[in-house]
Amino acid sequence: MLELSVLPSDLPALVSILTGATIIAIIALRGRAILADLRILISRVANIILLRYYPIKHVERATNLPFLPYIFPNGQGNVEKFLRGRANSAKWENEYGGLYRLWSGMNGEVVLTKPAHVEVVFRDSQNHTKAHANNSGYLMDRLLGSCLGLISGQPWGAMKSSVEAPFLHGSMSQYAADVQDFTAVYLDHLGKENDAFGEQGKLHPVRDLKLLPFLVVAKIVYGRLNEDLERDLIGLILPREDLFKSVIGGGITRFAFSRFLPLPAIQALHHFKRKWAQWNDRAHTHALKGPGQSTAPVVAMYRAVEDGNMTREQLLQTLDEILFANIDVTMGGLSWVLVFLAAHPDVQEALRSEVRGQSSNKATRNNYLLSSWTTTPTLLGACILEAARLRPLAAFSVPQSCPSPRILDGFEIPAGTNFVIDSYALNIRDAFWGADRERFRPERWLERQRSGRDLRYRYWRFGFGPRTCLGKYLAELIIRSVIVEILENWHLALETTAEQREKAGDNGHSKNSDEGRNWPWDDEVWIHSPDLLLKCEPLAARPA
Ligand code: HEM
Ligand SMILES: *[C@@H]1O[C@H](CO)[C@@H](O)[C@H](O)[C@H]1NC(C)=O
Ligand SMILES: *[C@@H]1O[C@H](CO)[C@@H](O)[C@H](O)[C@H]1NC(C)=O
Ligand SMILES: *[C@@H]1O[C@H](CO)[C@@H](O)[C@H](O)[C@H]1NC(C)=O
């Protein structure tokens with residue numbers, strides 16, 4: 001047994017020693033098989049220490065909360081949790097039960113799979129402390145560690161009140177007309193391009209539509225951009241995506257000392273941050289000069305920095321979060337709806353007739369797009385909820401801890417321990433959803449509408465409790481506008497290759513399960529999104 005008293009008493013020091021030892025070993029043993037053994041050894045030692053430093057015990061039986069073994073250096077962080085999260089979610093629940101701990105780097109995270117546990121933990125989510133940089137390490141910290149979504153306490157409260165106004169429910173009606181006009185022009189243009197739908201009749205629901213929500217959000221935040229600004233903003237998307245792949249990949253850039261190393265990812269970080277700051281300053285100046293444009297939210301946000309309500313770094317990172325971090329998230333929420341509608345022609349037809357009934361004039365159409373689900377449930381709203389139920393943006397939610405201990409299944413989870421929600425357990429595997437829970441059936445939402453409170457901690461989409469997504473109303477408005485515009489003009493169908501048909505044939509349960517559908521996923525992106533083509537037939541060309 002290891003003699004723990006010789007070890008340093010704080011974890012950061014321990015991490016430094018372990019990583020220092022590893023770097024020396026890597027230099028000394030480059031390419032030797034011993035390296036693999038060393039990794040196993042470090043992992044084992046770290047495991048013993050982690051459990052000793054951070055015990056979670058049953059209040060009566062003094063047994064340990066089930067846990068996954070820590071593996072140096074990432075634990076289950078990011079690659080296992082996100083890129084392989086969909087498969088791991090079910091596998092881990094099977095092996096470790098409905099409440100267990102995993103490791104994101106060396107940070108423990110307690111996984112919640114039961115609605116009753118979610119309620120106990122999340123009813124005071126405004127008092128939660130978000131894990132430092134999403135437990136994703138140094139590179140993430142420098143990119144997004146100070147954004148609104150990842151800070152807590154007083155700084156979070158101050159920043160939230162300085163940036164939230166343009167995203168409140170009441171602000172949506174001023175965007176409705178603009179969002180629809182922009183969507184119509186964008187889709188019309190896309191329909192005429194050679195490689196998109198129209199001539200070839202095929203739509204890639206992520207690639208082809210990606211710029212749409214991005215530019216809509218940009219216009220809302222910065223006001224109307226000029227051509228230069230718009231081009232430069234679009235030019236930043238690719239470098240930002242590459243950088244984020246390094247963040248998710250983890251490895252050495254998880255550690256702060258990596259800033260001293262000549263790593264491409266570190267250089268890319270500096271380059272991107274410089275460009276992003278410059279671009280924002282230009283956009284801000286443009287907003288100030290433009291006629292009638294100084295009401296653009298970016299102006300008030302810069303003023304809040306001057307007032308000391310938030311730092312410049314916090315603002316720049318929050319604008320990154322609003323623009324870049326959320327492109328993939330919003331595209332996931334939009335693209336899966338289109339895929340499900342293409343796969344379910346009956347639902348698509350029913351929704352199209354609802355849409356036609358609501359489009360007679362501008363006012364009715366606006367009300368339809370802006371209507372609140374709780375007062376005016378629609379099939380449109382239900383289709384979006386159902387797609388997001390079956391395709392949550394990630395398998396595991398943002399890690400965050402409570403200010404006080406929580407007792408779950410008899411285990412006392414100390415204050416400050418991070419929790420993550422297993423979204424597949426909640427949204428799909430829970431028997432609450434009924435025998436057809438793996439199936440895309442939006443009507444279930446209209447049936448359940450009457451018992452809305454029931455659903456409160458059972459469905460993960462925008463977060464739980466008082467602290468949730470800032471962009472939820474805007475995202476909903478954009479997604480609804482795009483779906484309505486598409487359904488009014490095109491008929492959607494699945495475009496399957498011979499290879500995919502063959503694969504789908506192997507997949508025996510695909511007839512009654514949409515969860516297990518063998519649609520290609522884009523595994524490069526950490527947000528779950530589809531990678532396939534949809535056939536778009538112009539409606540006018542179809543025989544009545
Ligand atoms: C369908 C699309 C979207 C989904 C599913 C989504 C989901 C989420 C989730 C799960 C959170 C974390 C909540 C928590 O603290 O536990 C979040 C936070 C956040 N989202 Fe979204 N989001 C979407 C679109 C957007 C858009 C378009 C924006 C741009 C305005 C946005 C801005 C934010 C911000 C700033 C936060 C941090 C809020 C805070 O912590 O106070 N989101 N979102
Ligand atoms: C939690 O937040 C609420 C409202 O923001 C506040 O009134 C309350 O004192 C907080 N509780 C704790 C334990 O921090
Ligand atoms: C900064 O915070 C103060 C106090 O909460 C508030 O009165 C002021 O309006 C804020 N400034 C901006 C630009 O949001
Ligand atoms: C942190 O991770 C969660 C998923 O666990 C994701 O929803 C969220 O957007 C991430 N935050 C940022 C700022 O990337």
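Values in this document were obtained by computation on a predicted structure and should not be read as measured data. (Residues numbered from 1 in each chain as written. Chains lettered and ligands numbered in written order. Predicted model: local features only at pLDDT ≥ 70, side-chain atom pairs only at ≥ 80, totals over all residues. Heavy atoms only, no water.)

A.B. asks: Give a detailed account of the coordination of the iron atom of ligand 1, specifying residues and quantitative values.
C.D. replies: Just one protein ligand coordinates the iron atom of ligand 1, and it is C469 (SG) at 2.3 Å. Summarising the element assignment, C469 is placed in the loop between α19 (443–448) and α20 (472–489). (Donors = N, O, S within 2.8 Å, 3.2 Å for Na, K, Ca; no water. Helix = DSSP H or I, 4+ residues; strand = E, 2+ residues; numbered from the N terminus.)

A.B. asks: I'd like a description of the sheet that holds strand β4 (residues 202–203), backed by residues and values.
C.D. replies: Strand order across the open sheet formed by three strands is β4-β10-β9, with antiparallel pairing between neighbours. Two strands close off the open sheet at either side, each with one partner strand: β4 and β9 (490–494). One ladder, built from two bridges, connects β4 with strand β10 (residues 534–538); its direction is antiparallel. Its bridge partner being in β10, K202 is matched across the sheet by K535. Sitting on the sheet, α20 touches β4, β9 and β10, and the angle it makes with β9 is about 95°. (Pairing = 2+ DSSP bridges. Contact = heavy atoms within 4.5 Å. Axes fitted to C-alpha atoms, helices over the stretch in contact; angles between N-to-C directions.)

A.B. asks: How would you explain the site of ligand 1 if you had to name every residue and give the values?
C.D. replies: In the vicinity of ligand 1 there are 24 residues, among which K130, W156, N326, R467 and C469 approach most closely. Contacts to ligand 1 include K130, whose side-chain N or O atom sits 2.7 Å from an oxygen atom. One of the side-chain nitrogen or oxygen atoms of N326 is found 3.2 Å away from a nitrogen atom of ligand 1. Elements that contribute at least two residues to the shell around ligand 1 include exactly α14 (312–343) and α20. Per element, the largest residue contribution to the shell around ligand 1 is five residues, and it comes from α14. Residues belonging to the shell around ligand 1 are distributed by class as follows: 13 nonpolar, seven polar and four charged. (Near = heavy atom within 4 Å. Polar contact = N/O pair within 3.5 Å; in protein donor to acceptor, adjacent residues only side chain to side chain. Nonpolar A, V, L, I, M, F, W, Y, C, P; charged D, E, K, R; others polar.)

A.B. asks: An account of the nonpolar core is needed here, citing residue identities and associated values.
C.D. replies: Grouped together as the largest cluster of nonpolar side chains are 111 residues, with contacts concentrated most on L209, Y222, W276, F324, L351 and I483. No other element matches the 16 residues that α14 contributes to this core. Ignoring any residue separated from it by four or fewer positions in sequence, one finds W276 in contact with Y222, L233, L236, L316, L319, D320, L323 and F324. (Core = buried A, V, L, I, M, F, W, Y, C linked by side-chain atoms within 4.5 Å. Buried < 20%, exposed > 50% of the residue type's maximum accessible area, 1.4 Å probe, protein only.)

A.B. asks: Describe the sheet that holds strand β8 (residues 418–421), and please don't skip the residues or the numbers.
C.D. replies: Reading across the sheet, the five strands line up as β1-β2-β8-β5-β3 and stay open at both edges, with mixed pairing between neighbours. This sheet does not close on itself; its edge strands, each paired only once, are β1 (99–104) and β3 (129–130). Strand direction decides the pairing type here: β1 and strand β2 (residues 107–112), joined by six bridges, are antiparallel. From the neighbouring strand, S104 faces β2, where its bridge partner is N107.

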